[in-house]
Amino acid sequence: MGSRMKVCVQGLGYIGLPTAAMMALAGHEVVGYDVDARLLQSLENGAPHVKEEPVRALVVGALNGGHLTLSDTLPADAEAYIVCVPTPTIDHKPDLSFVQAASSAVAPLLRAGDLLIVESTVPPGTMDRVVVPALLAAGVDPDTIAIAHCPERVIPGAIVKELRENSRVIGGRKPGDAERARTLYATFTSGAIFTTDTVTAELVKVIENTYRDVNIAFANELALLSEELGVDAHEAIALANNHPRVNILSPGPGVGGHCIPVDPHFLSNANPFVTELIQTARRINERMPHVVVRRIGEYLAPRSGARIAILGAAYKANVDDTRESPTERLEELLHERGYTTTVFDPVAERYRGMLSASLEDALRDADAVVLMVGHDAFAELDPAAIGPLLRRRLLIDTRAFLPAERWAAAGFDVYTLGGKRRDPLHFVTAS
Ligand code: SAJ
């Protein structure tokens, strides 16, 4: 196309914001709209709340460049409206109220020939059953506008790179709609753009995250089995992954974030009877914090007054996001069993529980150190310096992240989730 469009991005969260900035830097006139006045104020102040530095730089660049403006009202004169609002679950059921509200809000502004794109991850069928009805309810004839679903696919930690380079899947409601959206996306992404219908695009996005959840559940199952067999699951998985058609992910203390633990429910909720694998995978991953608690209990009895220092509150390494963090669940379970906890995280700032002000504060007089997140900042921890702060030298490494031999040499008992146990639990022999 090359021609500039007037675009409105509705919802300036972790996807809408960089997408708006990227489009503005590609030369489009972009209005970023959000209902959260504090968020808009923070963006005006240089976006200090955005911790992923390349994203912050992109946003500041776009705002300074003048093609990205912020607004607390939806502009009436955009040619393309892009919905980037959250789709959480409540009791494992999708909550589509934000998508519905966003569609209803934009409906009265749509004119014939406009383009409406939903980027939010949604259960298959949402475009037809929620978005289009919201337009109809506002008196909009959906056949007069182009409607597409273009799910975001970028991973926190590499958002800018992936926005530029990842391929995209765009589902159009009627012939020509996906092409209209492709023209816009092709101005800022170098990745391939595949077009299909809306429900296929909806399904593809949810499948991607569900595939990851199932794969991690498999890795977690292998970790528990390997412990019983006296095998290091990490070594076994790495060796299996040398096979050209095998790619198993890594075991860990649970699956967090606002995407992977949520999206599989969009499928299992659609039909519980044909989604047994998906549901089982979810259960396996949800059980992992319980496994960590059980392992801690092998060293430190529940209700013994033991104090557990947890390293990492984020849902994964090197991000500040703590949503659905396995640490939060671990703390709950530990408290139920009478342990006391401290949590230190040098990357995350906002956490539902309490964060210790310093590593030393978290570690002082603890009976165990539990590594929950492999932040780069933890790689250099010195066990010889940490040991004297503790009441007991015990390391529970749920990510196989710290050098076990070095910690053992400093006098620590070391348990690594999925690691080789010297005392395999129950070695199973064929009968
Ligand atoms: N995890 C493991 N083992 C692994 C990999 C991850 O236990 O081998 C855990 C992490 O520690 C974390 C959780 O899984 O708690 C999820 O992390 P992640 O890095 O797998 O994914 P997210 O949630 O950060 O981002 C995902 C991405 N989806 C895919 O890779 C298919 C991203 O591309 C999506 O855009 C994003 O979800 C989203 O917003 O949907």
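Bear in mind the structure is a predicted one, so any value in this text is a computation, not a measurement.

Student: I would appreciate a short explanation of the side chain of Ser226 in the present structure.
Tutor: With respect to the helices and strands, Ser226 occurs in helix H8 (residues 198-229). Classification of Ser226 by relative accessible area gives buried; the value is 9%. Sequence-distant contacts of Ser226, that is, excluding residues within four places in its chain, are made with Val231 and Ala233.

Student: In this structure, what is going on with the domain arrangement of the protein? I would like to understand it.
Tutor: By a widespread convention, an interface's size corresponds to the accessible area lost as its parts come together. Split by domain assignment, the protein resolves into domain 1 (6-191) and domain 2 (245-416). Just the C-alpha atoms count here: the centres of domain 1 and domain 2 sit 34 Å apart. The interface of domain 1 with domain 2 comprises 15 residues on the first partner and 14 residues on the second. Both faces combined, the contact of domain 1 with domain 2 buries some 1200 Å², and carbon together with sulfur accounts for 62% of it. When the area that domain 1 buries against domain 2 is broken down by residue, the three leading residues are Lys51, His92 and Pro156, summing to 40%. Our enumeration of links across domain 1 and domain 2 arrives at 1 salt bridge. The partner of Lys51 in a salt bridge is Glu349, and the shortest N-O contact between them spans 3.5 Å. If you look at where domain 1 meets domain 2, you find 2 residue pairs in polar contact (both at pLDDT 80 or more). Of the residues contributing to the side of domain 1 that touches domain 2, the split by class is 8 nonpolar, 5 polar and 2 charged.

Student: Any chance you could explain the sheet that holds strand E14 (residues 394-397) here in plain terms?
Tutor: Pairing between the strands of a sheet is mediated by backbone hydrogen bonds and can be parallel or antiparallel. Strand order across the open sheet formed by 5 strands is E12-E11-E13-E14-E15, with parallel pairing between neighbours. Taken across any chain shown, the strands that pair with only one partner, and hence form the sheet edges, are strand E12 (340-344) and strand E15 (413-416). Each adjacent strand pair in this sheet contributes to an overall mean axis angle of 20°, direction not counted. Bridge analysis of E14 against E15 gives 4 bridges, and the strand direction is parallel. For Leu395, the partnering residue across the bridge sits in E15 and is Val414.

Conventions used here
- Residues numbered from 1 in each chain as written.
- Predicted model: local features only at pLDDT ≥ 70, side-chain atom pairs only at ≥ 80, totals over all residues.
- Heavy atoms only, no water.
- Helix = DSSP H or I, 4+ residues; strand = E, 2+ residues; numbered from the N terminus.
- Buried < 20%, exposed > 50% of the residue type's maximum accessible area, 1.4 Å probe, protein only.
- Contact = heavy atoms within 4.5 Å.
- Domains from an automatic or database assignment.
- Buried area = accessible area lost by both parts, 1.4 Å probe.
- Salt bridge = Lys/Arg side-chain N within 4 Å of Asp/Glu carboxyl O.
- Polar contact = N/O pair within 3.5 Å; in protein donor to acceptor, adjacent residues only side chain to side chain.
- Nonpolar A, V, L, I, M, F, W, Y, C, P; charged D, E, K, R; others polar.
- Pairing = 2+ DSSP bridges.
- Axes fitted to C-alpha atoms, helices over the stretch in contact; angles between N-to-C directions.

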